[in-house]
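# Coordinates in review
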Amino acid sequence: MENIRNYFEKFVDLNDYLWSLFTEKIESKEYSKGETILNQGEIENYVYILETGAIRFFVPNKDNDTTFGFAFQGHFFSAYDSFIYRSPCAYQIETLTEVKLWRMSHQDLNNLFDNIQEGNSIGRKMAETFFVGKQKRELSLLTKTAEERYYSLFNHQPQLIKEIPLKYIASYIGITPQALSRIRSRIS
């Protein structure tokens, strides 16, 4: 749990009392590879910090799922639009590896935001992190080649990318699995 405190302390200084208020509300959860964390149509009730493993965000389709995001060890994640607006999620979240995460409920997080100044600061920073991540993803799709997007993902988490099926990586960078195979053979 120390790495979670370190994560929060990137945003604010937490004394032991404030940290204890957070830890009272954070729960640990483990998932096996291939497990669903959130189904399409459900309302997101948690924000998470991924301690170990990898997850993907995708829109389920009859023929092929469309993967549009990943989270790796140390990342904060959620179906944040569903979490904030309390609306059904338009996509799913599933594990790509065995996962250990920490989560806090919508109600507990909002109580911290309402009652603790530091909680409010952390919430703002978390929202900013989501926004910047989405903006970087959009800019990447508009300004980088598929090969550059692959390199970026590979450089981000080289040990975990080997565990992600190529079809998910191809979908994420916006190409077919065959085109990804050609990119990979060029750089091998």
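Structure report, in brief.

Quick notes on the rules
- Residues numbered from 1 in each chain as written.
- Predicted model: local features only at pLDDT ≥ 70, side-chain atom pairs only at ≥ 80, totals over all residues.
- Heavy atoms only, no water.
- Pairing = 2+ DSSP bridges.
- Helix = DSSP H or I, 4+ residues; strand = E, 2+ residues; numbered from the N terminus.
- Axes fitted to C-alpha atoms, helices over the stretch in contact; angles between N-to-C directions.
- Contact = heavy atoms within 4.5 Å.
- Core = buried A, V, L, I, M, F, W, Y, C linked by side-chain atoms within 4.5 Å.
- Buried < 20%, exposed > 50% of the residue type's maximum accessible area, 1.4 Å probe, protein only.

Strands pair in a sheet through their backbones, by hydrogen bonds, and they do so in one of two ways: parallel or antiparallel. Pairing in this open sheet of four strands is antiparallel, and the strands run 2-7-4-5 from one edge to the other. For this open sheet the edge positions go to strand 2 (36-38) and strand 5 (66-72), each flanked by a neighbour on one side alone. Adjacent strand axes in the sheet meet at a mean angle of 30° when their direction is disregarded. As paired strands, strand 4 (residues 54-59) and strand 7 (residues 92-95) are joined by four bridges and run antiparallel to one another. Directly across from Phe-58, in strand 7, lies its bridge partner Gln-92.

Within the secondary structure, Tyr-172 is located in helix 8 (residues 166-173). On a C-alpha basis, the gap between Tyr-172 and Leu-141 in space is 9.7 Å, while along the polypeptide they are 31 residues apart. Contacts of Tyr-172, omitting those with residues within four sequence positions, involve Thr-67, Phe-68, Gly-69, Phe-70, Arg-137, Leu-141 and Leu-153.

So, on to the nonpolar core. The biggest cluster of nonpolar side chains holds 24 residues, and the ones touching the most others in it are Phe-8, Leu-14, Phe-22 and Val-47. Those elements that place two or more of their residues in this core are helix 1 (2-8), helix 2 (16-23), strand 3 (46-52), helix 3 (80-85), strand 8 (99-105), helix 4 (106-115) and helix 5 (117-143).

So yeah, pure geometry; function would need other evidence.
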